[in-house]
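Residue strings, one per chain:
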Amino acid sequence: MKLLTFTIPCYNSQDYMRHCIESILPGGEDVEILIVDDGSKDDTAAIADEYAEKYPTIVKAIHQENGGHGEAVNAGIRNATGLYFKVVDSDDWVDWNAYQAILAKLREIAGGSVALDMLLANYVYEKEGAKHKRVMRQTGFPKDQIFTWSDVRHFYKGHYILMHSVIYRTKLLRECGLELPKHTFYVDNIYVYKPLPHVRTMYYMDVDFYRYFIGREDQSVNEKVMISRIDQQIRVNKIMIDDVDLNKVSNYKCRHYMINYLEIITVVTTVMLLRSGTEENLEKKRELWRYIKNKDIGLFHRLRRGIMGQTMNLPGRSGRKISVAAYRLSQKVVGFN
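Residues numbered from 1 in each chain as written. Predicted model: local features only at pLDDT ≥ 70, side-chain atom pairs only at ≥ 80, totals over all residues. Heavy atoms only, no water.

Participant: So what about the pattern of salt bridges? Which residues, and what values?
Facilitator: Throughout the structure, instances matching the rule amount to 19 salt bridges. Put simply, E126 and K133 hold a salt bridge, and the shortest N to O gap is 3.6 Å. Residue E287 is joined to K238 by a salt bridge in which the shortest nitrogen-to-oxygen separation is 3.0 Å. Here E287 is found in helix 10 (residues 279-295), whereas its partner K238 is found in helix 8 (residues 230-243), with 49 residues between them in sequence. Classification of E287 by relative accessible area gives partly exposed; the value is 29%. Assessed through its relative accessible area of 18%, K238 is described here as buried. Connected through salt bridges with shared partners, the residues E279, E283, R286 and R290 form a single ionic network. (Salt bridge = Lys/Arg side-chain N within 4 Å of Asp/Glu carboxyl O. Helix = DSSP H or I, 4+ residues; strand = E, 2+ residues; numbered from the N terminus. Buried < 20%, exposed > 50% of the residue type's maximum accessible area, 1.4 Å probe, protein only.)

Participant: I'd like to hear about the state of the cysteines, residue by residue, with values.
Facilitator: On inspection of all chains with the given rule, the structure shows zero disulfides. Just so you know, C10 is unpaired, no disulfide at all, and the nearest cysteine sulfur is the one on C20, 7.0 Å from it. Residue classification places C10 among the buried residues on the basis of a relative accessible area of 1%. Exposure remark for C20: the relative accessible area of 0% places this residue in the buried category. (Disulfide = S-S within 2.5 Å.)

Participant: Talk me through the side chain of T170; I want residue IDs and the actual numbers.
Facilitator: Following the sequence through the fold, T170 ends up in helix 5 (residues 170-175). Given a relative accessible area of 2%, T170 falls into the buried group. Within the structure, T170 has its side chain in polar contact with the backbone oxygen of Y84 (distance 3.4 Å). Leaving out residues up to four positions away in the same chain, T170 has contacts with A80, G82, L83, Y84 and F85. (Polar contact = N/O pair within 3.5 Å; in protein donor to acceptor, adjacent residues only side chain to side chain. Contact = heavy atoms within 4.5 Å.)

Participant: Could you give me a rundown of the packing of helix 9 (residues 252-276) against helix 10, with the residues and numbers involved?
Facilitator: Contact pair helix 9 / helix 10: the axes reach a minimum separation of 8 Å and the direction vectors enclose 155°. Considered as vectors, helix 9 and helix 10 are oriented roughly antiparallel to each other. Residue-level contacts link T266, T269, T270, L273, L274 and S276 of helix 9 to N281, L282, K284, K285, L288, W289 and I292 of helix 10. Residue classes in the contact of helix 9 with helix 10 are distributed as six nonpolar, five polar and two charged. (Axes fitted to C-alpha atoms, helices over the stretch in contact; angles between N-to-C directions. Parallel < 35°, antiparallel > 145°, perpendicular 65-115°, else oblique. Nonpolar A, V, L, I, M, F, W, Y, C, P; charged D, E, K, R; others polar.)

Given below as structure tokens:
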């Protein structure tokens, strides 16, 4: 069995996927690299096959009809042989020094008596044109030790785990029934969110591992692109609400963290609907909040009473301007596109 499986979802990635793959290859025989060609129309498939032929004990090329990012991740989970599982998008890469440290720690823990469910590390916004590279740390989590939800000191508002920062135990992903929807963007949030109630043990390494490139015009986190795909964002938001009954999450801190997470995602959806400025999308905003209310009245009140929920639901045109201004400030703080 491999120690760590990397899955690289690729769609028309010929211009940048080599950089991603080359950054992971130094892990050697400890790692497995699954390059998932998601129905690409350029040379992605040929490049994947090239690496699989050159490194047959490390790299496997998977070719499938186009199913979107989520289905590419699903294919990775289905085919993974590693004890642990990591997704790296084809335009991103990993830092070698941090990579070495993580592999060493996973080897150590894998040989111990405690099964680790989730390892966390930092990610870095490699924002095009930005001189300062913002490092996103897992503030509030104990460092360099195995811990549980009960050991977490505090969660600050606005903090949530992204796919970039997490390595899951492969078996946990399968046992929790994780299946990402096809042809849908923004499924990263489901990937992180749904397994959380099943996570018992965690480890946080304060190393800058994942390098998250941001700045392409066609990137899914570009604001104009997000507005054009707002129905997919709404779909993800609703799946997160439907997939986990927060009232059944037994650990209070885990439940509290997941409510904060859901609040952030709902705020992003709400702001994008406001930003579009169309009456159709304003009605979609109202419908989303009605959906939450009908699904779980307690959750609805928790989200609406939260400071972000209140800000995003101020009445009238002036209220919408304040909501968008608050979002603009958060963009600068977090570094979104």
